[in-house]
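This is what each chain is made of:
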Amino acid sequence: MSDSTERLIIIGSGPAAHTAAIYAGRAELKPLLFEGFMAAGVAAGGQLTTTTDVENYPGFADGIGGPELMDRMRQQSLNYGCSIKTETIASVALAQRPFVVTTEGGSEYRAQALIIATGATARRLGLDGEETYWQRGMSACAVCDGALPIFRNQPLVVIGGGDSACEEAGFLTKFGSSVTMLVRRDELRASKTMQKRVFDNAKIEIRWNTNAVEVLGDDKAMNAVRIKNNKTGEEETLEAKGLFYAIGHLPNTDFLAGQLMTDETGYVITEGKSTETSVAGVFAAGDVQDKRYRQAVTAAGSGCMAALEAEEFLNT
Ligand code: FAD
Ligand code: NDP
């Protein structure tokens, strides 16, 4: 174990972690950030390293590449005195003071305060053709990718029946010629209000009791989805230039091993409008505690809140 105790350790490397690092660095807390080594299956920098252009992050009128945006955030963290280690945190001990975090390599670090910003991972189905057409028509974020030119006036498909699927189907009707929702049961999980919006939208068709089986295309871009009615067994090929998964996310919280209060799916529970968790001195920001908005700008906003709250905690 290192002899010194850090004032603040930040775990994660997306917009939440780096915004927290920038604020904490400027507050002279000298934060130590663990960015992960292929943590949660992605390179350091988080989910945006897996996308092309980000067009809705304020300040970049012509959009900016996801990896470049994250490189810039990382550099800004370094500029303000944050130290970064490319290691994944395997476990934390939160029942003791100072807190102890342990890397996958077995090194231990102590901290007076912690910010958890480890994000979430979109669930995937592993359909035949998914590897070939991922980001070539297939996406797990309609709000992020739906406005791209390849989807304009084209038939689009959304999989899922929750609030996200309904919200994203509605969003996609602004761009596509039609939107078909594939729902695996004969009812939606979404709230009644959200359901009504879908039922009232003439551009949305719902295929009940239906699963996707395969994604088809010409190797460069997808152009159809093979679907199957799980009651009748009947199969059909739907023309589609876009296929959006909206089947839920999994928060990257395994390393917490139940030491913080989480909801039934593992999202860290934060107190009211703050980033405070069930353990005083531990704060959570970004997608790891937000199953609803899941945007870079909201993650950054909560990263800022976490740093300000950590600073206040350390000063009292
Ligand atoms: P994440 O970006 O999820 O990053 C957290 C990272 O922390 C992990 O990825 C990993 O690298 C690291 N980590 C995880 N566990 C550990 C650990 N144990 N130890 C150390 N490090 C760890 N949002 C937009 O606003 N606009 C867009 O255009 C947009 N496009 C998107 C495109 C795609 C393909 C995807 C998947 C998402 C997109 N999003 C977009 C959503 C956006 O990326 C997320 O909302 C945002 O990145 C969440 O930020 P975060 O800081 O919470 O964490
Ligand atoms: P949910 O877990 O609520 O819904 C996931 C949906 O995907 C369900 O309809 C589920 O089907 C379906 N699904 C899951 N796995 C598969 C699979 N393998 N094949 C086909 N379909 C599958 O996730 P959401 O992202 O929709 O919502 C997460 C949370 O965020 C919820 O609490 C939601 O209320 C909230 N939210 C709120 C919003 C709002 O209020 N505006 C907007 C977005 C999210 P099944 O129903 O059969 O399990």
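Within each chain, residue numbers correspond to sequence positions counted from 1 in written order. Chains carry letters and ligands carry numbers; both start at the beginning, A for chains and 1 for ligands, and go up in the order they are written. Only residues with pLDDT of 70 or above have their local features reported here, since the model is predicted, and side-chain atom pairs are shown and tallied only from 80 upward, although totals for entire chains, interfaces and linings are computed over all residues. To get the side-chain values, take all heavy atoms of the structure and skip hydrogens and water.

Some details on the site of ligand 2
So, step 1. Residue proximity to a molecule or strand is established when one non-hydrogen atom of the residue lies within 4 Å of it. What surrounds ligand 2 is a group of 18 residues, the closest being Gly161, Asp163, Ser164, Arg185 and Arg189.
So, step 2. Nitrogen and oxygen atoms within 3.5 Å of one another constitute a polar contact, given that in protein one can donate a hydrogen and the other can accept it, and given that sequence-neighbouring residues count only through two side-chain atoms. One of the side-chain N or O atoms of aspartate 163 is found 2.6 Å from an oxygen atom in ligand 2.
So, step 3. Coverage of ligand 2 by the protein chains reaches 76% of its 910 Å² of free accessible surface.
So, step 4. Put simply, DSSP marks the helices as runs of H or I at least four residues long and the strands as runs of E at least two long, and each gets a number from the N terminus on. Here the element with the most residues in the shell around ligand 2 is helix α5 (residues 163–172); it accounts for 3 residues. All accessible-area figures derive from a Shrake-Rupley calculation using a 1.4 Å probe, and residue coverage is judged against the displayed protein chains alone.

Description of the sheet that holds strand β11 (residues 155–159)
So, step 1. For two strands to be treated as a pair, DSSP must find no fewer than two bridges joining them. The sheet built from 5 strands is open, its strands ordered β10-β17-β11-β12-β13 with parallel pairing. Edge positions in the open sheet fall to β10 (138–139) and β13 (204–207), since each of these has one partner strand only.
So, step 2. The sheet contact formed by β11 and strand β12 (residues 178–182) spans 5 bridges and is parallel. The residue bridging proline 155 from the neighbouring strand is serine 178, located in β12.

Here's the deal with the site of ligand 1
So, step 1. Taken together, 35 residues are adjacent to ligand 1, and Ala16, Gln47, Asn56, Asp287 and Ala296 come closest.
So, step 2. Note that an oxygen atom of ligand 1 is positioned 2.9 Å from one of the backbone N or O atoms of alanine 16.
So, step 3. Note that an oxygen atom of ligand 1 is positioned 3.1 Å from one of the side-chain N or O atoms of glutamine 295.

Side note on the domain arrangement of the protein
So, step 1. Segmentation of the chain into domains, including their bounds, is taken from an automatic or database domain assignment. Domain boundaries in the protein define domain 1 (5–121 + 249–314) and domain 2 (124–245).
So, step 2. On a C-alpha basis, the centres of domain 1 and domain 2 stand 31 Å from each other.
So, step 3. Counting residues at the interface gives 7 residues for domain 1, matched by 8 residues for domain 2.
So, step 4. Summed over both partners, the accessible surface that disappears when two parts come together, traced with a 1.4 Å probe, is what is meant by buried area. Each partner contributes to the roughly 540 Å² buried at the junction of domain 1 and domain 2, and carbon and sulfur atoms together form 29% of this total. Any pair of residues with heavy atoms lying within 4.5 Å of one another is described as a contacting pair.

Concerning the environment of threonine 232
So, step 1. Tracing the backbone shows threonine 232 in the loop between β15 (222–229) and β16 (235–239).
So, step 2. Under the scheme applied here, a residue whose accessible area is under 20% of the maximum for its type counts as buried, over 50% as exposed, and between as partly exposed, the area being computed with a 1.4 Å probe on protein chains only. Overall, threonine 232 belongs to the exposed group, its relative accessible area being 57%.
So, step 3. Within the local environment of threonine 232, its side chain forms a polar contact with the backbone nitrogen of glutamate 234, the two atoms lying 3.2 Å apart.

Some points on empty space enclosed by the protein
The probe, sized like a water molecule, is rolled over the atoms to show the empty space still left.
So, step 1. Residues are said to line a cavity or pocket when one of their atoms sits within 4 Å of a point; the points come from a 1 Å grid over protein atoms alone, cavities being sets where a 1.4 Å probe fits but cannot get out and pockets being open sets with protein on both sides within 12 Å along at least five of seven lines. Grid points are joined across faces, edges and corners, and a volume is the space filled by probe spheres set on the points. In this structure the tally under the stated criterion is 1 cavity of 30 Å³ or more.
So, step 2. If you add up the space inside the largest cavity, you get close to 70 Å³.
So, step 3. In terms of lining residues, the largest cavity is bounded by Ala122, Arg123, Ala140, Ser164, Glu168, Tyr245, Ala246, Ile247, Gly248, His249 and Arg294.
So, step 4. Split by residue class, the lining of the largest cavity holds 5 nonpolar, 3 polar and 3 charged. Under this grouping Gly is polar, as are all residues other than the nonpolar Ala, Val, Leu, Ile, Met, Phe, Trp, Tyr, Cys and Pro and the charged Asp, Glu, Lys and Arg.

Some points on the pairing of strand β8 (residues 108–116)
So, step 1. Direction of pairing for strand β1 (residues 5–11) relative to β8: parallel, over a ladder of 6 bridges. Note that in β8 the partner of isoleucine 11 across the bridge is isoleucine 116.
So, step 2. Pairing analysis gives 3 bridges linking β8 to strand β19 (residues 282–284), with the strands arranged parallel. Bridged to leucine 114 within β19 is valine 282.

Quick word on the pattern of salt bridges
So, step 1. By convention in these notes, a salt bridge is any Lys or Arg side-chain nitrogen within 4 Å of a carboxyl oxygen on Asp or Glu. Summed over the entire model, instances satisfying the criterion amount to 9 salt bridges.
So, step 2. When the shortest N-O distance is used, the salt bridge between arginine 74 and glutamate 35 registers 2.9 Å. Here arginine 74, found in helix α2 (residues 66–79), pairs with glutamate 35, found in the loop between β2 (32–34) and β3 (53–54); they are 39 residues apart in sequence, far enough to count as distant.
So, step 3. For arginine 74, a relative accessible area of 28% gives the class partly exposed.
So, step 4. In this structure, lysine 196 and aspartate 200 form a salt bridge, with 2.6 Å as the shortest nitrogen-oxygen distance.
So, step 5. Overlapping salt bridges bring together Glu205, Arg207 and Glu236 as one network.

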